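Architecture and fold: a report
Residues per chain, in single letters:
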Amino acid sequence: MAFSALYANKLRSLLTMLGIIIGVGAVIAMVSVGMGVRSNVQESIASLGSNMLIVSPGSSNRSGPRSAAGSMKTLKYDDAKAIQSKVKNIEYLSPSVSSNYQIVNGNQNWNSSVQGITPEYMNIKSLSVESGSFISSDNLQKRERVAVIGTTVASNLFGDENPVGKNIRVNNQPFRVIGLLETKGQSSMGQDQDDVVLIPLTTAQERMLGITHVQSVSVQVKEAMYMDQVQEDIETLLRQRHKIIGGKEDDFHVRNLTSLMETMTQTTTMITLLLGSVAGISLVVGGIGIMNIMMVSVTERTREIGIRKALGATFSNIMMQFLIESVVIGVVGGIIGIFVGCGLSSLIAALGDFTTVITWAPIVVSFTFSVGIGLIFGILPARKAARLDPIEALRYE
Amino acid sequence: MQTKDEIVIRLQGIKKLYQMGDQQVAALDGIDLDIKRGEFAALMGPSGSGKSTLMNILGCLDRPTVGSYQLNGREVAHLSDDELARTRNKNIGFVFQNFNLLARISSLDNVALPLVYAGRGLSERRERAMAVLEAVGLADRAEHMPNELSGGQRQRVAIARALVNEPEIIMADEPTGNLDTKSTREIMEIFQKMHGLGRTIILVTHEPEIALCANRQLLVRDGVITRDEGKGVVLDVV
């Protein structure tokens, strides 16, 4: 009976549902966008490596203008070696330096970030070599002029040719390409992770930059539970080595990427919640739409209610009839809204070149919500209908 | 089998009072009435006489302010709304002046509606509804919507609906008021047929010719029954 009433007023039922459809659809689409942002951020942090600590030199804190973080030259390759040998629970460790240079092959040239690294860098960044080999400790010791290049660099300098074994010039110094990295694609921050040239750390320090310090040391800890212990040990060790005593400020920083990830996840969860709740407001507005239409419907069908009551319908019979009607609006609107929301979310993903993640939670929550709204906002009109006096209702024109 | 003389309706000292400002108005001012099983009674009276109020109380749509109403031996004057609804469903079949069919459902579903509220299953509902539709000669119109039927046919559907749950009493409120002469005759024939089959009918009308079809005429005036006559008495007072 509820269905036939809704069917008889197709346009009106559809318009009433529209509020719910938009509400549910918006919640799902918005939350999927938020979840997309979150997974992007998580991915980009995870691509830096899991359980990572990054040791970087601090800024100069002597009198006069202070320089930027990382500008101090106190963090040495020896510090990195000391950390590796003295601090427990470290899986991998890689000190690195980087700079931008022009890279030339014949008449092709390209500008890229050149990073001086150690062999362990491969494990830390989860890199793999497509052809050739990675930088070895032998290369490192001998300060060899060898390079492993990313696919972007390779395609710009060599086209379709295999670059392994060829020579390139980095800042006018000849380097032999010994390996080609497997494509990693774009990082979620929009950085091309294949636009990179890796050379041995010692080569970079002594032959290219003419420095003895390193710009950062990446440390991968064995288990997440050791993060704090390792961080503390590194800090203690470096303070000892750098002879920093008492309240003096550290000349280095140890950053914990896991806590960064937690913060970022928290932030994006907040964004997701915010988007979801803004969309949720439209659900509530949709619910008020249901109530409004049901009120009109009760008034309009006063006579029908009178007839039903005269024929023996009790309070609960009438109440159920109208409640079912509004719940059906909520259910059908909710189901259509789920499809609209999923469609919208894939549309955003397709048009905006943006990852959206559809999860069960917003679908279940918003659907439950829409059914609940149909129920709650249906109670008042249904009660109004069920309480009608049959004599008055029969007399109603 | 119940005896023919058994009293179905017994009203004693029924009063219906309304508060109008600081003054009390009695729509019904002490009604005593017995109606026996199988009686065909016509209830007459000018507008404002209390006829409609009496009809509502008899039909269990309304409660008297004071007094006793025994329907089939059970006191129903002061039941709750839901109990009244169940009493209407079980004991009373209504036929209205303007048919009061639900426009959106078929004749068959209209007829079956009281059975829905009596809690009958779908197949039983359809079977019984079909049987009474046949009895009023509309079996071939079962799947028609009310707006596809003539006035006389609609009223026959309404009569079928009143009969479907085998009530004690049929309450007909001006059943021919909206009908042409031909349909009026058809409808009154059906009532007389029902009367012949032993049903108790209370017919509210203001047309003396219609009232003459009944075997008892009651005249309500100023909230009391002023005349109560057997068949054949012409009521020229209305």
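Data block above holds the structure.
Description of the structure in this document. All residue numbers refer to positions counted from 1 along the written sequence of the respective chain. Chain letters and ligand numbers both follow the written order, the letters beginning at A and the numbers at 1. Confidence filtering applies because this is a predicted model: local features only for residues at pLDDT of at least 70, side-chain atom pairs given and counted only at 80 or more, and all residues used for totals across whole chains, interfaces and linings. The side-chain values count all of the structure's non-hydrogen atoms but skip hydrogen atoms and water molecules.

**What to know about the overall build of chain A**
For clarity, the cut-off: Helix numbering and strand numbering both begin at the N terminus, where a helix is a DSSP run of H or I of at least 4 residues and a strand a DSSP run of E of at least 2. Using C-alpha atoms as the atom set, the radius of gyration is obtained and then compared with a globule rule of 2.2 Å times the number of residues to the power 0.38. Only protein chains enter the accessibility calculation, which uses a 1.4 Å probe; a residue is then buried when its area is under 20% of its type maximum, exposed when over 50%, and partly exposed in between. Only heavy atoms matter for contacts: two residues are in contact if any of them lie within 4.5 Å across the pair. All accessibility values rest on the Shrake-Rupley procedure with a 1.4 Å probe; residue burial counts only the protein chains present in the view.
Along its length, chain A carries 13 helices and 10 strands. Against the globule reference of 21 Å for 397 residues, chain A gives a C-alpha radius of gyration of 33 Å, more extended than a compact globule. Split into buried and exposed, the 397 residues of chain A put 46% on the buried side. Of the contacts made within chain A by residues no fewer than 6 positions apart, 76% connect residues no fewer than 24 positions apart. Of the roughly 19200 Å² that chain A leaves accessible, carbon and sulfur atoms contribute 58%.

**Some details on the interface of chain B and chain A**
By a frequent convention, interface size equals the accessible area lost on bringing the separate parts together. Threshold: Buried area: the accessible surface (1.4 Å probe) lost by two parts on joining, summed over both. Whenever Lys or Arg places a side-chain nitrogen within 4 Å of a carboxyl oxygen from Asp or Glu, that contact is recorded as a salt bridge. Within 3.5 Å is the distance limit for a polar contact, defined as a pair of N or O atoms, with the added protein rule that one can donate a hydrogen and the other accept it, and that residues adjacent in sequence qualify only through two side-chain atoms. Classification convention: Asp, Glu, Lys, Arg as charged; Ala, Val, Leu, Ile, Met, Phe, Trp, Tyr, Cys, Pro as nonpolar; all other residues, Gly among them, as polar.
If you look at the interface, chain B gives 20 residues, while chain A gives 23 residues. Carbon and sulfur atoms make up 62% of the area that chain B and chain A hide from each other, which totals about 1900 Å². Remark: the boundary between chain B and chain A carries 1 salt bridge. A salt bridge links Glu304(A) to Arg104(B); its shortest N-O distance comes to 3.0 Å. Between the two partners, chain B and chain A, sit 7 residue pairs in polar contact (both at pLDDT 80 or more). For the side of chain B that touches chain A, the secondary structure elements donating two or more residues are α2 (81-91) and α3 (107-117) of chain B. Of all the elements, α2(B) adds the most residues to the side of chain B that touches chain A, at 5 residues. Of the residues assigned to the side of chain B that touches chain A, the class counts are 10 nonpolar, 4 polar and 6 charged.

**Observations concerning the side chain of Ser112(A)**
Residue and element names in this part refer to chain A. For Ser-112, the location among the structural elements is in strand β3 (residues 108-117). Overall, the relative accessible area of 2% leaves Ser-112 in the buried class. Among the polar contacts made by the side chain of Ser-112, one reaches the side chain of Asp-195 at a distance of 3.0 Å. Among all residues touching Ser-112, those that are not within four sequence positions of it are Ser-99, Asn-100, Tyr-101, Ile-103, Val-153, Asp-195, Val-196 and Val-197.

**Focus: the pattern of salt bridges**
All told, the structure shown has 26 salt bridges over all chains when counted by the stated rule. Salt-bridge contacts for Glu168(B) lead to Arg37(B); the nearest nitrogen and oxygen are separated by 3.3 Å. Of this pair, Glu168(B) sits in the loop between α5 (151-163) and β7 (169-173) while Arg37(B) is found in the loop between β2 (23-36) and β3 (40-44), placing the two residues 131 residues apart along the sequence. Like Arg37(B), Glu168(B) is buried. Here Glu124(B) and Arg128(B) are joined by a salt bridge, their closest N and O atoms 3.0 Å apart. Of this pair, Glu124(B) and Arg128(B) both sit in helix α4 (residues 122-135), 4 residues apart, roughly one helical turn. Members of the salt-bridge network, linked through shared partners, are Arg301(A), Glu304(A), Arg308(A), Glu325(A) and Arg104(B).

**Overview of the packing of aromatic side chains**
The criterion, for reference: Here a pair means two rings of Phe, Tyr or Trp (six-membered ring of Trp) with centres within 6.5 Å. Their orientation is stacked below 30 degrees between planes, edge-to-face above 60, and tilted elsewhere. Counted as over-ring charges are cases with an Arg CZ or a Lys NZ within 6 Å of the ring centre that also lie within 35 degrees of the ring normal.
Tallied over the full model, the rule gives 2 aromatic pairs over all chains. The interplanar angle of 35° and the centroid separation of 6.5 Å between the aromatic rings of Phe40(B) and Phe191(B) together place this pair among those described as tilted. Taken together, the residues Phe40(B) in strand β3 and Phe191(B) in helix α6 (residues 181-196) connect sequence positions 151 residues apart. Each member of the pair Phe40(B) and Phe191(B) is classed as buried. A ring pair is formed by Phe94(B) and Phe96(B), whose centres lie 5.6 Å apart and whose planes are at 10°; its orientation type is stacked. For the residue pair Phe94(B) and Phe96(B), the accessibility class agrees, reading buried in each case. Just above the ring of Tyr77(A) sits the side chain of Lys81(A); from NZ or CZ to the centre is 4.3 Å.

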